[in-house]
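# Structure at a glance
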Amino acid sequence: MDPKVAVDFVCQRCLQPLKLDSSFGSVGEHTLAELSLPIHNHPDVDLESEAVSLDRFTPAFRLTESGTGANGFTVVGKEGELNQMSHKVKVTSELLDMLSSNSDVDHPLCEECTDQLLELLDQQLHLTEDECNDYSRFLERLRAEEDPPQSLESLEKELAELKLEEESLRAELSQLQEKEHAAREAVSKQEQEKERIAAEEERYWREYTRHRRDLLLAEDQYRSLECQISYTNNQLDKLHKTNVFNATFHIWHSGHFGTINSFRLGRLPSAPVDWSEINAAWGQTALLLSALARKMDLTFERYRLVPYGNHSYIEDINENRELPLYGSGGFRFLWDTKFDAAMVAFLDCLQQFKEAVEQGDSGFSLPYRMERGRIEDSNTGNSFSIKIQLNSEEQWTKALKYVLTNLKWGLAWVSSQFAKDRDTVVT
């Protein structure tokens, strides 16, 4: 078995235990005192240049530092051996502390860490040498490029030129400052003008928006009015094309009866028409003849038609009496002649209307001739009385049918004249 080896120190880098050479413990006190002298006492070292670096110098860790000695280590053993070991450890510690103080590396170090440190230092040395060579080359180049020293006169002349240039630049600077001041004032005015234009633009857009809204409303109203005018024109065209008399009074026939507005005028034994219907038909007939006469500004002689529905009558102006144009029931032959007189008066008014039309239009004629209460078919020569007395229901109904036919012709003529007048007014 190998004898035990005492380990007193470890590597300051990898903390591995170290076995120091025995020569470290045989160094004398005088040698330690010489080694402990500061390196800056060397005559080649400039102390003033190193003062700044010394102010920031931080000493390495010292193995022998222990304050008052109370915090140091104590070796336990025999007294003789203890003194010998304590002296050996103390000497070794002082040597290692001196090494640490004179370098940037803390000691002790193992062999492997020392080799690595030496390699690192060699690399730094090569880099430093390369930088030194580069600096030397640059220094030589700068020295080669320096101009030869100039004379005092040339320097004074150059100084005078520089002063003149300075004065010129100061004058130019003053002018530029004046221009800058003028430019700032112009910019300020332009800013004010910009604010004014912006306010006017905002006011313009507000007015534009209001006018635009009014325009849209006006366009809507215009289109609405156009639609209303178009609708009104269409209605007006319909009214122009509409014959008021034809629309109001529709004369036609139903079998042996003549009809006006679907009311039958007359009676037959095989078709006894109610007297209320006959009276209503006479009311429509009187209203039609009165409207035609009013359209022509015709005033009847001796008579005045008074349309009054199913109780219409004719006023006899000469005798100042009313002739009822309606019956009260039954077919009478010898009494109540007022109804017959009213129908004869109506036929007389229709004859006056015919004569008034013929005065304005010689080509106008009615299909049936009327005279003294009778109406005659000119094609067959048959004459029928409009009276009920001493007359048959068939002949009376036939006479009333002819009366309505004459009225229809008179209605057509007045409608044609009305259409001509309307076209003239429209043109």
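Rules used in this analysis
- Residues numbered from 1 in each chain as written.
- Predicted model: local features only at pLDDT ≥ 70, side-chain atom pairs only at ≥ 80, totals over all residues.
- Heavy atoms only, no water.
- pLDDT = per-residue confidence, 0-100.
- Helix = DSSP H or I, 4+ residues; strand = E, 2+ residues; numbered from the N terminus.
- Contact = heavy atoms within 4.5 Å.
- Axes fitted to C-alpha atoms, helices over the stretch in contact; angles between N-to-C directions.
- Parallel < 35°, antiparallel > 145°, perpendicular 65-115°, else oblique.
- Left-handed = near helix turned anticlockwise from the far one by under 90°.
- Nonpolar A, V, L, I, M, F, W, Y, C, P; charged D, E, K, R; others polar.
- Pairing = 2+ DSSP bridges.
- Buried < 20%, exposed > 50% of the residue type's maximum accessible area, 1.4 Å probe, protein only.
- Salt bridge = Lys/Arg side-chain N within 4 Å of Asp/Glu carboxyl O.
- Phe/Tyr/Trp six-rings, centres within 6.5 Å; stacked < 30°, edge-to-face > 60°.
- Lys NZ or Arg CZ within 6 Å of the ring centre and 35° of its normal.

## Re the confidence of the model for the protein
Close inspection of predicted coordinates is inappropriate in any region flagged by low pLDDT. Considering every residue of the protein, the mean pLDDT works out to 80; 73% of them sit at 70 or more. Taking the mean pLDDT of every element in the protein, the minimum, 43, falls on helix α2 (residues 51–55) and the maximum, 93, on strand β6 (residues 303–306). Of the regions scoring below 50 in pLDDT, residues 65–75 engages in five contacts with residues more than four places distant in sequence or in other chains.

## Focus on the packing of helix α7 (residues 275–295) against helix α8 (residues 338–360)
Interaxial distance between α7 and α8 falls to 11 Å at its minimum, and their mutual angle equals 30°. By the criterion of interaxial angle, the relationship of α7 to α8 is roughly parallel. As for how α7 packs across α8, the hand of that crossing is left-handed. Contact with α7, carried on its side by Trp-275, Trp-282, Thr-285, Ala-286, Leu-289 and Leu-292, involves Phe-339, Met-343, Phe-346, Cys-349, Leu-350 and Phe-353 of α8 and no other residues of that element. Of the residues contributing to the contact of α7 with α8, the split by class is 11 nonpolar, one polar and no charged.

## Describing the sheet that holds strand β8 (residues 321–324)
Read across the open sheet, the three strands follow the order β6-β7-β8; overall the sheet is antiparallel. Both outer strands of the open sheet, β6 and β8, are each paired with one neighbouring strand and no more. The mean inter-strand angle of the sheet, taken between neighbouring strand axes irrespective of direction, is 25°. Across four bridges, β6 lies against strand β7 (residues 313–316) in antiparallel orientation. Within β7, the position partnered with Arg-304 by the bridge is Glu-315. Contacts from α8 reach β6, β7 and β8, with the element oriented near 95° to β8.

## Here we look at unusual backbone geometry
In terms of backbone geometry, most residues other than glycine have negative phi values and most peptide bonds are trans. Notably, Asp-297 is not glycine yet its phi reads approximately 55°, a positive angle. Secondary-structure assignment places Asp-297 in the loop between α7 and β6. Asp-297 sits in the exposed class, given a relative accessible area of 70%. We note that Leu-390 has phi near 50°; this positive angle belongs to a residue other than glycine. As for its placement among the helices and strands, Leu-390 is situated in the loop between β11 (383–385) and α9 (393–426).

## Concerning the pattern of salt bridges
The tally for this structure, following the rule as stated, stands at 17 salt bridges. Glu-166 serves as the salt-bridge partner of Arg-170, at 3.0 Å between the closest nitrogen and oxygen. With a gap of four residues between them, Arg-170 and Glu-166 both fall in helix α5 (residues 152–241), about one helical turn apart. Of the residues examined, Glu-166 reaches a relative accessible area of 39% and is grouped as partly exposed. A salt bridge links Arg-184 to Glu-180; the shortest N-O distance between them is 2.9 Å. Within this pair, Arg-184 and its partner Glu-180 are both found in helix α5, separated by four residues, close to a single helical turn. Residue classification places Arg-184 among the exposed positions, given a relative accessible area of 57%. Owing to a relative accessible area of 39%, Glu-180 belongs among the partly exposed residues under this scheme. One network of salt bridges, with partners in common, ties together Glu-193, Arg-196 and Glu-200.

## Some details on the packing of aromatic side chains
Using the criterion set out here, one finds nine aromatic pairs in the structure. Aromatic side chains Tyr-368 and Tyr-402 sit 3.9 Å apart centroid to centroid with 15° between the ring planes, which places their arrangement in the stacked category. A residue pair is termed long-range when its members are at least 10 positions apart, and Tyr-368 in strand β9 (residues 368–371) and Tyr-402 in helix α9 qualify at 34 residues. Each member of the pair, Tyr-368 together with Tyr-402, is buried. Among the aromatic residues, those joined into a ring-pair cluster are Tyr-204, Trp-205 and Tyr-208. Lying over the aromatic face of Phe-257, Arg-264 brings its terminal NZ or CZ to 5.6 Å of the ring centre.

## With respect to the pairing of β8
Both β7 and β8 contribute to a ladder of four bridges, which runs antiparallel. For Ile-314, the partnering residue across the bridge sits in β8 and is Leu-323. Between β7 and the antiparallel strand that follows it, β8, lie four residues; Asn-320 among them carries a positive phi value of about 55°.

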